[in-house]
Amino acid sequence: AQSVTQLGSHVSVSEGALVLLRCNYSSSVPPYLFWYVQYPNQGLQLLLKYTSAATLVKGINGFEAEFKKSETSFHLTKPSAHMSDAAEYFCALEGSNTGNQFYFGTGTSLTVIP
Amino acid sequence: DTAVSQTPKYLVTQMGNDKSIKCEQNLGHDTMYWYKQDSKKFLKIMFSYNNKELIINETVPNRFSPKSPDKAHLNLHINSLELGDSAVYFCASSHRTQAPEQFFGPGTRLTVL
């Protein structure tokens, strides 16, 4: 069975501080993993994806994530938070045998404190 | 150019009414999806169509009926609307064999009074 767990429904960081949003997954097949960002009253925008190539994936807006099979994790990081990073972040998994079905985490709301 | 578009953006209606939400993508994708996002931001897949064929049909009341007239369009019709149907509905699309990521529309906020 496939599932995604995001630890921490709310994360607050100071502007300029490190952003770390946690995602753990469970999958019986090699997964594809994604991070999406949702700004208020908007749709989901792809930040980055892991599709079994490099384990360290760089995305838009300075975000990156590292796939760690031994820890079944795909945490999202950014070295220095900006006010514009305040949004909802979703981790998602697609198991390669599930016909493109995505399994989303419950989301993490990021607040950036000036 | 809008990649995945939805109409309307807001929909306010009374219980018991029937309504439709339309979705169009101009990305040349072969697979389209409907998701429901509740008030706690939880995203749930409802349906998925690949080349106009239904491939994912999660446990959704049969009051919800998707219709795909062609690969670029996937509409959602809802009969006998209930208060619990109030949510944001997102359409998404992907190319099933070329790239797994899904592209999302801006959402339709449905409010049932």
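Everything that follows concerns the structure shown earlier in this document.
All values derive from a computational prediction rather than experimental measurement.

Draft legend 1. Structural context of the overall build of chain B. For chain B, the helix and strand inventory stands at zero helices and 11 strands. Reading the secondary structure of chain B in the N-to-C direction produces β-β-β-β-β-β-β-β-β-β-β. Relative to the compact-globule value of 13 Å for 113 residues, chain B shows a C-alpha radius of gyration of 13 Å, a close match. When its C-alpha atoms are laid out on the principal axes, chain B stretches across 40 × 30 × 25 Å. Residue burial in chain B is summarised as follows: out of 113 residues, 46% are buried. Summarising the internal contacts of chain B: among those between residues at least 6 apart in sequence, 54% fall at separations of at least 24. Within the structure as shown, chain B displays about 5,600 Å² of accessible surface, and the carbon and sulfur contribution to it stands at 49%. For chain B, the centre of its 13 positive side-chain charges and the centre of its 11 negative side-chain charges are spaced 5 Å apart.

Draft legend 2. Spotlight on the interface of chain A and chain B. With 20 residues of chain A at the contact, the number on the chain B side is 21 residues. Summed over both partners, the interface of chain A with chain B comes to about 1,700 Å²; 55% of that surface belongs to carbon and sulfur atoms. Salt-bridge contacts for B:Glu101 lead to A:Lys49; the nearest nitrogen and oxygen are separated by 2.7 Å. The tally of links from chain A across to chain B stands at three residue pairs in polar contact (both at pLDDT 80 or more). No other element matches the four residues that strand S4 (residues 31-38) of chain A contributes to the side of chain A that touches chain B. A breakdown of the residues in the side of chain A that touches chain B according to their chemical character gives eight nonpolar, nine polar and three charged.

Draft legend 3. Looking closely at unusual backbone geometry. Here the bond from B:Thr7 into B:Pro8 is cis, since omega is -5°, no more than 30 degrees from zero. Its location among the elements puts B:Pro8 in the loop between strand S1 (4-7) and strand S2 (10-13). Of note, the phi angle at A:Asn61 is positive, near 60°, even though the residue is not glycine. Assignment of secondary structure puts A:Asn61 in the loop between strand S6 (56-58) and strand S7 (64-68). With a relative accessible area of 40%, A:Asn61 lands in the partly exposed category.

Draft legend 4. Representation of the nonpolar core. Core analysis: the biggest nonpolar cluster contains 27 residues, and A:Trp35, A:Leu48, A:Leu76 and A:Tyr89 have the highest contact counts within it. Taken together, the elements giving at least two residues each to this core come down to strand S2 (10-14), strand S3 (19-26), S4, strand S5 (44-50), S7, strand S8 (73-78), strand S9 (87-95) and strand S11 (108-113) of chain A. With sequence-adjacent residues up to four places away left out, A:Tyr89 is seen in contact with A:Gln6, A:Leu21, A:Trp35, A:Tyr36, A:Val37, A:Leu47, A:Phe63, A:Leu76, A:Gly107, A:Thr108 and A:Leu110. B:Trp34, B:Met46, B:Leu74 and B:Leu76 belong to the second largest nonpolar core, which has 20 residues in total.

Draft legend 5. How the structure looks around the sheet that holds S1(B). Residue and element names in this part refer to chain B. Spatially, the four strands line up as an open sheet ordered S1-S3-S8-S7, and their pairing is antiparallel. This sheet does not close on itself; its edge strands, each paired only once, are S1 and strand S7 (64-70). Each neighbouring strand pair of the sheet contributes to a mean axis angle of 20°, computed without reference to strand direction. Judged from the four bridges that link them, S1 and strand S3 (residues 19-25) form a sheet pairing that is antiparallel. Within S3, the position partnered with Gln 6 by the bridge is Cys 23.

Draft legend 6. Quick peek at the packing of aromatic side chains. If you walk through the whole model with that rule in mind, you get 17 aromatic pairs over all chains. The interplanar angle of 25° and the centroid separation of 4.6 Å between the aromatic rings of A:Phe34 and A:Phe102 together place this pair among those described as stacked. A residue pair is termed long-range when its members are at least 10 positions apart, and A:Phe34 in strand S4 and A:Phe102 in strand S10 (residues 102-104) qualify at 68 residues. Classification of A:Phe102 by relative accessible area gives buried; the value is 3%. Cluster of aromatic residues (ring-pair linked, three or more members): A:Phe34, A:Tyr36, A:Phe90, A:Phe102, A:Phe104, B:Tyr33, B:Tyr35, B:Phe90 and B:Phe104.

Cut-offs used in this document
- Residues numbered from 1 in each chain as written.
- Chains lettered and ligands numbered in written order.
- Predicted model: local features only at pLDDT ≥ 70, side-chain atom pairs only at ≥ 80, totals over all residues.
- Heavy atoms only, no water.
- Helix = DSSP H or I, 4+ residues; strand = E, 2+ residues; numbered from the N terminus.
- Rg over C-alpha atoms; globule rule 2.2 N^0.38 Å.
- Buried < 20%, exposed > 50% of the residue type's maximum accessible area, 1.4 Å probe, protein only.
- Contact = heavy atoms within 4.5 Å.
- Areas by Shrake-Rupley, 256 points an atom, 1.4 Å probe, with all protein chains shown as cover.
- Lys, Arg positive; Asp, Glu negative; His and termini not counted.
- Charge placed at Lys NZ, Arg CZ, Asp CG, Glu CD.
- Buried area = accessible area lost by both parts, 1.4 Å probe.
- Salt bridge = Lys/Arg side-chain N within 4 Å of Asp/Glu carboxyl O.
- Polar contact = N/O pair within 3.5 Å; in protein donor to acceptor, adjacent residues only side chain to side chain.
- Nonpolar A, V, L, I, M, F, W, Y, C, P; charged D, E, K, R; others polar.
- Core = buried A, V, L, I, M, F, W, Y, C linked by side-chain atoms within 4.5 Å.
- Pairing = 2+ DSSP bridges.
- Axes fitted to C-alpha atoms, helices over the stretch in contact; angles between N-to-C directions.
- Phe/Tyr/Trp six-rings, centres within 6.5 Å; stacked < 30°, edge-to-face > 60°.

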